[in-house]
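An overview of the molecular structure
The primary structure of each chain is shown beneath.
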Amino acid sequence: MKEPGVLHKLSRRIGLIKPSPTLAIQAKANALKAAGRDVISFGAGEPDFDTPDNVKEAAIASIKAGFTKYTAVGGIDDLKDAIIAKLKRDNQLAYERSQVVVSAGAKHTLFNIAHVLFEEGDEVLVPSPYWVSYTDIVYLTGATPVVIKTRMEDGFKLKPAELEKAITPRTKAIVISYPSNPAGVCYTRKELEELAAILLRRGIIIISDDIYEKIIYDDNQFISIASFSEELKSNTIVVNGVSKSYAMTGWRIGYAAGPENIIAAMTKYQSQNTSNPTSIAQKAALEALNGPQEGVLARGREFQQRRDFIVRKLNEIPGIACPNPQGAFYVFPHVASFYGKRFGGKVIENSSDLAAYLLEEANVALVPGADFGHDDHLRLSYATSMELIEKGVERIRKALLNG
Ligand code: PMP
Ligand code: GLU
């Protein structure tokens, strides 16, 4: 390709970020499959289940009824009401319509929040391992993400003392998410209360990404940090969406609930970029939230069986230590014991090398831990069939034993 020349010079801002690694790996796995390679993908985290029929039918009905035009920028009232009812029912949180905004996926919601709140000089706390997009979303606003590294020995939980240490006069907000991507971390009420007390005392806005709320295992319970007190609620922006709970990744509906002035700013911001989220997808999300909820639980049970299986199988591989995630649909095994070893004629130095080797040698796609801030790990999404999990892990075992 010809050099684009000075007219095509890109902004400094875009140079600060990388393409989403999870989506890039998924795209690579798909391209290899299309080219005829038998790749098993543990790449992007999206439920392998089909979108429920009642949801599809609601969308089809809305097309037939001609509900295919612009809607209110921040989402239709019916959907806002369904979100308000959900937040009351599941999270004991009461909101008005003016405190809710619907966007094109939770990623978009987080992006909008960041752009109405952050600017240069602000620091935003991001406990690691973190979801790949948090840091880059912060960078795009000119603010600085401050990563607080947690330890596998602590179950990757953010400790109050570590939180306190990371706070400076510039700290504006924290992004927390549980069950977390990639480590499946859940917090107890007591742990959350301790963190919340510090955040409140230091005047830090909480961005609570609750997208994996419904995919939670064993005796863990999802408790919204915003539900502890009115004061905390007014300091928290709750983020959620239908992608994970209802197998609706492609529909692109996410939402935020929080203080009225922040929601109004997000709606204004959205009015100058995407306008409303897709009308048809809003009707589909409305049905997802208002319709029968049994499927959510059934999918959760299925994910738990897969988790039990993949954790056991990975831990049977000498050199791998795989913690037991408490939610979401990822495992985050420790693999550093393979670093410094020679595989396929090349010394493996880090998680990117190991992921590349496994794709090349074992035809298994997974995401390097470095993309989540922990280079000693790999991330595997087990939102795929039991059969493919079994086959894929066996391939990994062989490739690591024969290296
Ligand atoms: N938050 C987390 C932690 C995620 O893993 C994802 C991945 N999809 C999102 C937000 C965004 O979800 P979506 O944009 O599909 O609603
Ligand atoms: N959140 C999923 C993941 O972590 C989907 C891809 C993305 O948006 O990052 O794989």
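Check the entry above for the structure.
The structure presented is a predicted model; accordingly, all values stated were derived computationally and were not measured. (Residues numbered from 1 in each chain as written. Chains lettered and ligands numbered in written order. Predicted model: local features only at pLDDT ≥ 70, side-chain atom pairs only at ≥ 80, totals over all residues. Heavy atoms only, no water.)

1. Focus on the packing of aromatic side chains
Note the threshold: Only Phe, Tyr and Trp rings take part, Trp by its six-membered ring, and two of them pair if their centres are within 6.5 Å. Stacked means planes under 30 degrees apart, edge-to-face means over 60, and tilted covers everything else. A helix here means a DSSP run of H or I that spans at least four residues, while a strand means a run of E at least two residues long, and both kinds are numbered starting from the N terminus. Each residue is assigned to one of three classes by its accessible area relative to the maximum for its type, calculated with a 1.4 Å probe on protein chains only: buried under 20%, partly exposed between the two thresholds, exposed over 50%.
Inspection of the entire model under this criterion finds 12 aromatic pairs. Seen in terms of ring centroids, Y178 and F222 are 5.3 Å apart; in terms of plane orientation they differ by 25 degrees. Their pairing is stacked. In this pair, Y178 sits in the loop between β5 (171-177) and α7 (189-201) while F222 sits in the loop between β6 (205-209) and α8 (230-233), placing the two residues 44 residues apart along the sequence. As far as the burial class goes, Y178 and F222 line up, both buried. Here the aromatic rings of Y212 and Y330 are separated by 5.7 Å at their centres, their planes lie at 85 degrees, and the arrangement is edge-to-face. Within this pair, whereas Y212 is found in the loop between β6 and α8, its partner Y330 is found in strand β9 (residues 330-331), the two being separated by 118 residues in sequence. Its relative accessible area of 1% is what places Y330 among the buried residues.

2. Let's talk about the nonpolar core
Most often, soluble globular proteins have nonpolar side chains that are buried together. How we decide: Only buried residues count toward a nonpolar core, which is a set of Ala, Val, Leu, Ile, Met, Phe, Trp, Tyr and Cys residues joined through side-chain atoms within 4.5 Å. Contact criterion: two residues are considered in contact whenever any of their non-hydrogen atoms come within 4.5 Å of each other.
F42, L163, I310, L354 and L358 are the most contacted members of the largest nonpolar core, which totals 99 residues. Sorting elements by how many residues they give to this core places helix α12 (residues 351-362) first, with 6 residues. The contact partners of I310, leaving out residues within four places of it in the chain, are F42, V331, L380, Y382, I389 and V393. Core analysis: the next-biggest nonpolar cluster, separate from the first, contains 27 residues, L79, Y95, V242 and A257 among them.

3. A few points about the packing of helix α3 (residues 77-91) against helix α10 (residues 279-290)
To be explicit about the condition: Note on geometry: axes are lines fitted to C-alpha atoms, helical ones only across the stretch in contact, with angles between N-to-C directions running from 0 to 180 degrees. Any angle between 65 and 115 degrees counts as roughly perpendicular, while under 35 counts as roughly parallel, over 145 as roughly antiparallel, and the rest as oblique. In a left-handed crossing the near helix is turned counterclockwise from the far helix by less than a right angle, and in a right-handed crossing that turn is clockwise. Polarity classes work like this: nonpolar for Ala, Val, Leu, Ile, Met, Phe, Trp, Tyr, Cys and Pro, charged for Asp, Glu, Lys and Arg, and polar for all others, with Gly in that last group.
In the contact formed by α3 and α10, the axes pass within 9 Å of each other and the chain directions differ by 30 degrees. By the criterion of interaxial angle, the relationship of α3 to α10 is roughly parallel. At the point where α3 passes α10, the crossing takes the left-handed sense. From α3, D78, L79, A82, I83, K86 and R89 reach across to α10, where they touch Q282, K283, A285, L286, L289 and N290. Its residues placed into classes, the contact of α3 with α10 shows 6 nonpolar, 2 polar and 4 charged.

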